[in-house]
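Summary of structural features
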Amino acid sequence: APAPPAARHLFSDPAEVEALRRNLLAWYDRCKRDLPWRALAEMEPDADRRGYAVWVSEIMLQQTQVATVIDYYNRWMQKWPTLQALAQASLEEVNELWAGLGYYSRGKRLQEAARKVVSELAGQMPRTAEDLQKLLPGVGRYTAGAIASISYGQATGVVDGNVIRVLCRLRCIGADSSSPSVIDRLWDMANVLVDRSRPGDFNQALMELGATVCVPKAPLCGECPVKQHCQAWRRKLFGKPPPVSDVEDCGVGDCSLCPPATEPWDSSLGVTNFPRKAAKKPPRAMRTATCVLERRGCHGAPEYLIVQRPSSGLLAGLWEFPSLPLAQDLQEEKEREELADHLQAWMGRPVAAKGLQFIGEVIHIFSHIHQTYVVFSLHLDGDVTLDPALSPSRWVTEEEFHASAVSTAMKKV
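Counting from 1, residues in each chain are numbered in the order their sequence is written. Given that this is a predicted model, residues contribute local features only at a pLDDT of at least 70 and side-chain atom pairs are listed and counted only at 80 or more, while totals for whole chains, interfaces and linings are drawn from all residues. Hydrogens and water are ignored here; the side-chain numbers use all heavy atoms of the structure.

**Some details on the overall build of the chain**
Heads up, the rule is: Secondary structure elements are defined from DSSP: runs of H or I of at least 4 residues count as helices, runs of E of at least 2 residues count as strands, and each element is numbered from the N terminus. Using a 1.4 Å probe on the protein chains alone, a residue whose accessible area is under 20% of its type maximum counts as buried, one over 50% counts as exposed, and one in between counts as partly exposed. Every residue pair with non-hydrogen atoms within 4.5 Å of one another is taken to be in contact. Computed by Shrake-Rupley with a 1.4 Å probe, the accessible areas treat only the displayed protein chains as cover when residues are assessed.
Looking only at helices and strands, the chain has 17 helices and seven strands in total. Its C-alpha atoms put the chain at 80 × 50 × 35 Å along the principal axes. For the chain, with 413 residues in total, the buried portion stands at 49%. Taking as baseline every contact in the chain between residues at least 6 positions apart, the subset at least 24 positions apart corresponds to 66%. Counting every atom, the chain has about 20000 Å² of accessible surface; 52% of that belongs to carbon and sulfur.

Right under this line is the structure:
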């Protein structure tokens, strides 16, 4: 019986799978980037220390570019070289080191999981992808597969953004690559492809290919070690679907992995026809009034008041200047008045709106929020007595401010 249409996109020829593995691993051995977490994983004989080194890197690399992560990773591993050392650290220390890396809940969950390993798992990391995902907070399917394959040699695949792009191009998968059904198919493919003798290297090779060669725009197809296996490349080369009868039959109605009829192959895009993604929702707009309260310190240098954000939600546990969310479309004078009322309730003493000096606006883009900070300043004479029931607060010098767990947005402010 003929295979169902979607199955025609999958890897079914063992000889092709073996050739793809061989070519990709040979390329990886020649061309892989020298990255600190790879060096640590390759040199570390202890499996748990190797697992920890890979784990930290994978959490940091979520939503963050390699070039940004390297310095943070090196400082992290120097400060907390073992999982046990991280478990003894305070959340404040973790937030301070993480400051500027973004997606701050990652660091918090990483430390929570380290404490769980020490207190509940006798200090031993889980060894399989299934147990890693089940037992460690913040470890999802991809991270679990990466740790298990790289650190413990489990023959399990991984699917991240780079792998999605590579697989969609290799097999001309044009359906929405963010849909659960397509993601499940891609995981099936990754588990079929992963090399059984070198699973960690193979998974890193597949991700490396997506990061350096099979990039989103202007991919370097001429340098690709697996282009002879790539249906998108062959289609670009020959100007028609690949000459494989069962794949050529796709797209005639009921294939769940082909491009939708409303978005057919665009010859001007070549391999970048794939992957197809659903349109992103635009980030919601928010405005926040922020006041930089300044006083003269005991040594004559200016000091600034910072307060700690709640322990959950956006930028959880980080420090910021006193701030107040604003309704959209308020006039500047009304924003000033609302901030003055907020500061007055907070400090327990009158704050005149006209005393707040408008400095300007700072725009910061979070993944899902287009945030505008309306910045005011206020110079104070003497100390301020704050309600102890409110958020923790402290006065800091400029140098102390930059060393604190503050967000990139507050540094802009």
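**Here's the deal with the domain arrangement of the chain**
Convention followed: Bear in mind that the domain bounds are from an automatic or database domain assignment. Here the quantity called buried area is the accessible surface, traced with a 1.4 Å probe, that two parts lose on coming together, added over both.
Split by domain assignment, the chain resolves into domain 1 (7-238) and domain 2 (284-403). Here domain 1 and domain 2 have C-alpha centroids that lie 39 Å from each other. Taken together, the contacts link six residues of domain 1 with 10 residues of domain 2. Among the residues of domain 1 in contact with domain 2, Glu92, Asn95 and Tyr104 are the three that bury the most area, contributing 62% of the side total.

**Some details on empty space enclosed by the protein**
The criterion, for reference: A 1.4 Å probe that fits into a set of points on a 1 Å grid over the protein atoms alone but cannot get out defines a cavity; an open set with protein on both sides within 12 Å along at least five of seven lines defines a pocket, and lining residues are those with an atom within 4 Å of a point. Grid points are joined across faces, edges and corners, and a volume is the space filled by probe spheres set on the points. Amino acid classes used here: Ala, Val, Leu, Ile, Met, Phe, Trp, Tyr, Cys and Pro are nonpolar; Asp, Glu, Lys and Arg are charged; the rest, including Gly, are polar.
On inspection of all chains with the given rule, the structure shows three cavities of 30 Å³ or more. Approximately 130 Å³ is the volume found for the largest cavity. Taken together, 15 residues form the lining of the largest cavity, with Arg169, Cys214, Cys221, Cys224 and Cys230 sitting closest to its centre. Broken down by element, the lining of the largest cavity gets its largest block of residues, three residues, from helix H10 (residues 161-170). Per-class residue counts for the lining of the largest cavity are 13 nonpolar, no polar and two charged.

**Some words on the UniProt feature "domain: HhH-GPD" (unreviewed entry) in the chain**
Inclusion rule: UniProt positions are given in the numbering used here, feature names are shortened, and annotations may be inferred rather than shown by experiment.
When the UniProt feature table is mapped to this numbering, "domain: HhH-GPD" (unreviewed entry) covers residues 60-212. Annotation note: span residues 60-212, helix share 67%, strand share 0%, distance between end C-alpha atoms 19 Å.

**Quick notes on the packing of helix H3 (residues 47-61) against helix H7 (residues 105-120)**
The following threshold applies: Every axis corresponds to a line fitted to the C-alpha atoms, with the helix fit spanning only the stretch in contact, and the corresponding angles, defined between N-to-C directions, vary from 0 to 180 degrees. For classification purposes, an angle smaller than 35 degrees is called roughly parallel, one larger than 145 roughly antiparallel, one from 65 to 115 roughly perpendicular, and anything else oblique. Here is the rule for handedness: rotate from the far helix to the near one, and if that takes an anticlockwise turn smaller than a right angle the crossing is left-handed, while a clockwise turn gives right-handed.
Between H3 and H7, the shortest axis-to-axis distance is 10 Å and the interhelical angle comes to 155 degrees. The angle between H3 and H7 falls in the class roughly antiparallel. The interaxial crossing formed by H3 with H7 has right-handed handedness. Contacts between H3 and H7 pair Trp55, Val56, Ile59, Met60 and Leu61 from the former with Arg106, Leu110, Ala113 and Ala114 from the latter. Classifying every residue of the contact of H3 with H7 gives eight nonpolar, no polar and one charged.

**Points about helix H4 (residues 66-79)**
Operational definition: Helix span, expected: 1.5 Å multiplied by one less than the number of residues in the helix.
Over its 14 residues, H4 runs 20 Å from end to end, which matches the ideal 20 Å to within 8%, given 1.5 Å per residue. Of all the residues in H4, the buried ones are Val69, Tyr72, Tyr73, Trp76 and Met77. Residues of H4 that are buried in the fold lie against helix H2 (36-43), H3, helix H5 (83-87), helix H6 (91-98) and H7.

**Description of the environment of Val56**
Within the secondary structure, Val56 is located in helix H3. Sequence separation of Val56 and Gln111 is 55 residues, and the distance between their C-alpha atoms is 10.0 Å. Ignoring anything within four residues of it in the chain, the contact list for Val56 reads Tyr73, Trp76, Met77 and Leu110.

**Observations regarding the pattern of salt bridges**
What counts is decided by this rule: By salt bridge we mean one thing: a side-chain nitrogen of Lys or Arg within 4 Å of a carboxyl oxygen of Asp or Glu.
On inspection of all chains with the given rule, the structure shows 20 salt bridges. A salt bridge links Glu18 to Arg21; the shortest N-O distance between them is 3.4 Å. Taken together, the residues Glu18 and Arg21, both in helix H1 (residues 14-31) and three residues apart, mark about one turn of the helix. On the accessibility criterion, Glu18 (37% relative accessible area) is partly exposed.

**Brief notes about the packing of aromatic side chains**
So the rule is basically this: Stacked, tilted and edge-to-face pairs are distinguished by plane angle, under 30 degrees for stacked and over 60 for edge-to-face with tilted covering the rest, among Phe, Tyr and Trp rings (Trp via its six-membered ring) whose centres lie within 6.5 Å. When the NZ atom of lysine or the CZ atom of arginine is within 6 Å of a ring's centre and also within 35 degrees of its normal, the charge is said to sit over that ring.
Taken as a whole and assessed by the stated rule, the structure comprises six aromatic pairs. Their ring planes at 80 degrees and their centres at 5.2 Å tell us that Trp37 and Tyr73 sit as a pair that is edge-to-face. Here Tyr73 lies in helix H4 and Trp37 lies in helix H2, a separation of 36 residues in the sequence. No difference in accessibility class separates Trp37 from Tyr73, as the two residues are buried. Between Trp265 and Phe274, the ring centres sit 5.9 Å apart and the planes meet at 45 degrees, which makes this aromatic pair tilted. An aromatic cluster is defined as three or more aromatic residues linked by ring pairs; in this entry it consists of Trp76, Trp80 and Trp98. Sitting over the face of the ring of Phe11, Arg171 holds its NZ or CZ atom 4.1 Å from the ring centroid.

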